[in-house]
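The chain contents come next:
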Amino acid sequence: MSFSIERYKEESKKLDTAGIDWEAVTSSPLSNGDLFCLHYMMDIENHVPLYLSHLLVTRACMDPILTAFLACWNYEELWHGENIGKFLNLYGIEFDTQDRIANVRAHLGVQNSVSLMSTMVGSWLLKDFSAVYLTIGAINELSTLTGYGALIRKAGHPVLRDLLGRIIKDERRHFAFYFNSAKEWLTDNEKAQRVDRWMLDRVWVPVGQGVKTQEQVDALALYLFDDEQGEEELLALDEKIGKLPGLAGIKLMSKALYAARDRRGRNPDWASRLIDHEEWAVAPPKKSPIGELTTRRARGGDSADALEVM
Ligand SMILES: [Fe+2]
Ligand SMILES: [Fe+2]
């Protein structure tokens, strides 16, 4: 698996959706679980620009190769979220994409700022921060594409298969960049390997956690991977990450699945109730209304009229 940043810069582009049979989106049914996963995945794809804000303040971003990658990567991820949203809208689920994104962000609260500050400070204190960040990038991209693969299998929806198949190709390139960069950083660097392993064992969480609650993360994991094939896929994922120098035998995604099973074992309703009750809408937060966070300060009032006049 090789990766050339020069080639990536030349070839990076918005997701090619030419030929996707959008008109057939409603021809095949989706289960509640499929819809739950699609909302989760869309929200996390749409969260990338905020995730990027955490990265750009770190020591890792002194590297011009990394910032070149992130510039293209951010743009590609934007179109993943956009197209999953389009798919859901065409399926008949009504929401305004911009409102949904703003609502998700408004729910992040002060915790988001604390996390941004601690990532920034941590990165400057920790010489090998890049090793940790690049490894987490590799795990996130690999688990994202593994999740899309599992959803294709679960949903059996031809249009979704086509769309997610195209997104998976982007995610593979992202994974190749992170994996190769992490490998370069970790090779012959025992201190970085120790730091990386220590951090992954203690602070790593599955992609989306923080934006989504533990129960939402578990609902996705259990829906997609709680069968023989799913578990095998997560073990294979861990094995792949374990090929990085210093990470042999590491358990991450499989451990997250087993922890989700444990939580469900203690509470049989855990996770599945979110899917059964179709809890994928994102309500506007009670405090910090999105009007205060966006340019859309008023709906239907004076300012809306003023906008129209302009
Ligand atoms: Fe993506
Ligand atoms: Fe990606």
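Residues numbered from 1 in each chain as written. Chains lettered and ligands numbered in written order. Predicted model: local features only at pLDDT ≥ 70, side-chain atom pairs only at ≥ 80, totals over all residues. Heavy atoms only, no water.

### A few points about the coordination of the iron ion (ligand 1)
Next, step 1: Distances from the iron ion (ligand 1) to its protein donors, namely Glu45 (OE), Glu45 (OE), Glu77 (OE), His80 (ND1) and Glu171 (OE), fall within the range 1.9 to 2.3 Å.
Next, step 2: Written as a sequence motif, the donor arrangement for the iron ion (ligand 1) is E-x31-E-x2-H-x90-E.
Next, step 3: Metal-to-metal, the separation of the iron ion (ligand 1) and the iron ion (ligand 2) is 3.7 Å; glutamate 77 coordinates the two. Highlighted residues: glutamate 77 in helix 4 (residues 64-91) and glutamate 171 in helix 8 (residues 158-186), separated in sequence by 94 residues. As far as the burial class goes, glutamate 77 and glutamate 171 line up, both buried. (Donors = N, O, S within 2.8 Å, 3.2 Å for Na, K, Ca; no water. Helix = DSSP H or I, 4+ residues; strand = E, 2+ residues; numbered from the N terminus. Buried < 20%, exposed > 50% of the residue type's maximum accessible area, 1.4 Å probe, protein only.)

### Describing the side chain of arginine 100
Next, step 1: Considering the arrangement of structural elements, one finds arginine 100 in helix 5 (residues 97-106).
Next, step 2: Owing to a relative accessible area of 7%, arginine 100 belongs among the buried residues under this scheme.
Next, step 3: Those residues in contact with arginine 100 that lie beyond four places of it in its chain are His39, Met42, Asp43, Phe95, Lys212, Trp280, Ala281 and Val282. (Contact = heavy atoms within 4.5 Å.)

### Describing the packing of aromatic side chains
Next, step 1: Within the structure shown, the criterion is met by 13 aromatic pairs.
Next, step 2: Three or more aromatic residues joined by ring pairs form one cluster here, namely Phe3, Tyr8, Tyr51, Phe69, Trp73, Phe129, Tyr133, Phe177 and Tyr178. (Phe/Tyr/Trp six-rings, centres within 6.5 Å; stacked < 30°, edge-to-face > 60°.)

### Description of the coordination of the iron ion (ligand 2)
Next, step 1: Those protein atoms acting as donors to the iron ion (ligand 2) are Glu77 (OE), Glu141 (OE), Glu171 (OE) and His174 (ND1), and they sit at 1.9 to 2.3 Å.
Next, step 2: If you look at the iron ion (ligand 2), its 4 donor atoms make angles of 90 to 137° with each other, and the shape they trace is irregular.
Next, step 3: Here the donor residues for the iron ion (ligand 2) map to a single chain with the spacing E-x63-E-x29-E-x2-H.
Next, step 4: Glutamate 141 gets classed as buried once you look at its relative accessible area, which sits at 5%.
Next, step 5: Exposure remark for histidine 174: the relative accessible area of 0% places this residue in the buried category. (Tetrahedral: all angles 85-135°; square planar, octahedral: opposite > 155°, others 65-115°.)

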